[in-house]
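Chain residues, written in single-letter form:
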Amino acid sequence: MTHSPTPIYPTDAHRAVTEIATAHFAAQDAVDTILLVNSLARGQGTPRSDVDMAVLVKEGVDAAEIQAMETAWAQVRMSHPTVVAFEQSSRFAHIHLDVISGHIEYETWDDGGGPDYLEVGVGNQLVYALPLTGHGAHYRQLQAQWLPYYAEDLRRSRLAMVRDACL
């Protein structure tokens, strides 16, 4: 599946809140890349879609700084009139924004409990994401590490876990 190199917003309100969030985070030195993810990134958004974003921080940014960034965004989200109006426009209108380090983990399914979210994380953050601020160095490094998806040995072990869980 391919997606447009520029976002296709279903409404002007979707565009406006995305631009507000992008401007807020783009001004911060700790930010590597701002990503639009999920349905809007894939060009499949509808007027009832929420806005999903991920803010990838540069390597070495610690958890306290990430928490401070999330707290500052929460204040903007609750006080900016355009954002508040968007989120009050329908029960589905939300801005889901995660500040992420890019550390993608996988788990061994020793209990046969089913898949973890490795493929979802890689897909959402690196394959189908739409960088809104260009491709930062950390983002490019993550793509080089995880794409075309992962090494053959990890692919085999992941397929074996899925097969065992299904059996």
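The preceding data block contains the structure.
Presented here is a report on the structure given in the accompanying data block. The numbers attached to residues start from 1 for each chain and follow its sequence in the written order. In keeping with the predicted nature of the model, local features appear solely for residues at pLDDT of at least 70, side-chain atom pairs appear and are counted solely at 80 or more, and the whole-chain, interface and lining totals rest on all residues. Excluded from the side-chain calculation are hydrogens and water; included are all heavy atoms of the structure.

## Section: the overall build of the chain
The condition that has to hold: Helix numbers and strand numbers start at the N terminus; a helix is a DSSP run of H or I with at least 4 residues, a strand a run of E with at least 2. We call a residue buried when its accessible area falls under 20% of the maximum for its residue type, exposed when it is over 50%, and partly exposed in between, using a 1.4 Å probe and counting protein chains only. When checking whether two residues touch, look at their non-hydrogen atoms; a contact exists if any pair is within 4.5 Å. For accessible areas, the Shrake-Rupley method is used with a probe of radius 1.4 Å. Any residue's cover is judged against the shown protein chains and nothing else. Lys and Arg are tallied as positive, Asp and Glu as negative. Neither His nor the chain termini are counted. Here the site of a charge means NZ on Lys, CZ on Arg, CG on Asp, or CD on Glu.
When helices and strands are tallied, the chain shows six helices and four strands. The order of α-helices and β-strands along the chain, N terminus first, is α-β-β-α-α-β-α-β-α-α. Taken along its principal axes, the extent of the C-alpha atoms in the chain is 50 × 35 × 30 Å. Split into buried and exposed, the 167 residues of the chain put 37% on the buried side. Long-range contacts, defined as pairs at least 24 residues apart, comprise 72% of the intrachain contacts of the chain with a sequence gap of at least 6. Element-wise, carbon and sulfur atoms account for 53% of the exposed surface of the chain, whose accessible area totals about 9400 Å². Of the side-chain charges in the chain, 11 are positive and 21 negative, and the distance between the mean point of each set is 8 Å.

## Quick word on helix α1 (residues 12-26)
For clarity, the threshold we go by: Multiplying 1.5 Å by the helix residue count minus one yields the expected span of that helix. Distance and chemistry together define a polar contact, namely a pair of N or O atoms within 3.5 Å, with one atom able to donate a hydrogen and the other to accept it when in protein, and with adjacent residues in sequence counting only for side-chain atoms on both sides.
Taking 1.5 Å per residue as the helical rise, α1 with its 15 residues ought to reach 21 Å, and the 21 Å between its terminal C-alpha atoms agrees with that figure. For α1, every residue scored as buried is listed here: His14, Val17, Thr18, Ile20, Ala21, Thr22 and Phe25. Each element contacted by the buried residues of α1 is listed here: β1 (31-37), β2 (51-57), α2 (63-79), α3 (81-88) and β3 (95-100). The residue sitting at the N-terminus of α1 and contributing the capping side-chain oxygen is threonine 11; that oxygen lies 3.3 Å from the backbone nitrogen of alanine 13.

## Section: the packing of α1 against α3
Helix packing for two helices is described by the angle between their axes and how far apart those axes are. Convention followed: Note on geometry: axes are C-alpha line fits, over the in-contact stretch for helices, and angles between N-to-C directions span 0 to 180 degrees. Here roughly perpendicular refers to angles of 65 to 115 degrees, roughly parallel to angles under 35, roughly antiparallel to angles over 145, and oblique to all remaining angles. Definitions for this section: a left-handed crossing has its near helix turned counterclockwise from the far helix by less than a right angle. A right-handed crossing has that turn clockwise.
The contact between α1 and α3 brings their axes to 9 Å, and the two run at 135°. In this view, α1 runs oblique relative to α3, as classed from their interaxial angle. Seen along the crossing, α1 lies across α3 with a hand that is left-handed. Every residue of α3 that contacts α1 at Ala13, His14, Ala16, Val17 and Ile20 is listed here: Thr82, Val83 and Phe86.

## Observations concerning the sheet that holds strand β4 (residues 130-131)
Through backbone hydrogen bonds, the strands of a sheet pair up, either in parallel or in antiparallel fashion. Inclusion rule: Paired strands are those between which DSSP finds at least two bridges.
If you trace the four strands from one edge of the open sheet to the other, you get β3-β2-β1-β4, paired in mixed fashion. Where the open sheet ends on each side, the last strands, each with one partner, are β3 and β4. Where β1 and β2 come together, six bridges link them in antiparallel fashion. Paired with isoleucine 34 across the two strands is valine 55, which belongs to β2. Packed onto the sheet, α1 meets β1, β2 and β3 and runs at close to 15° relative to β2.

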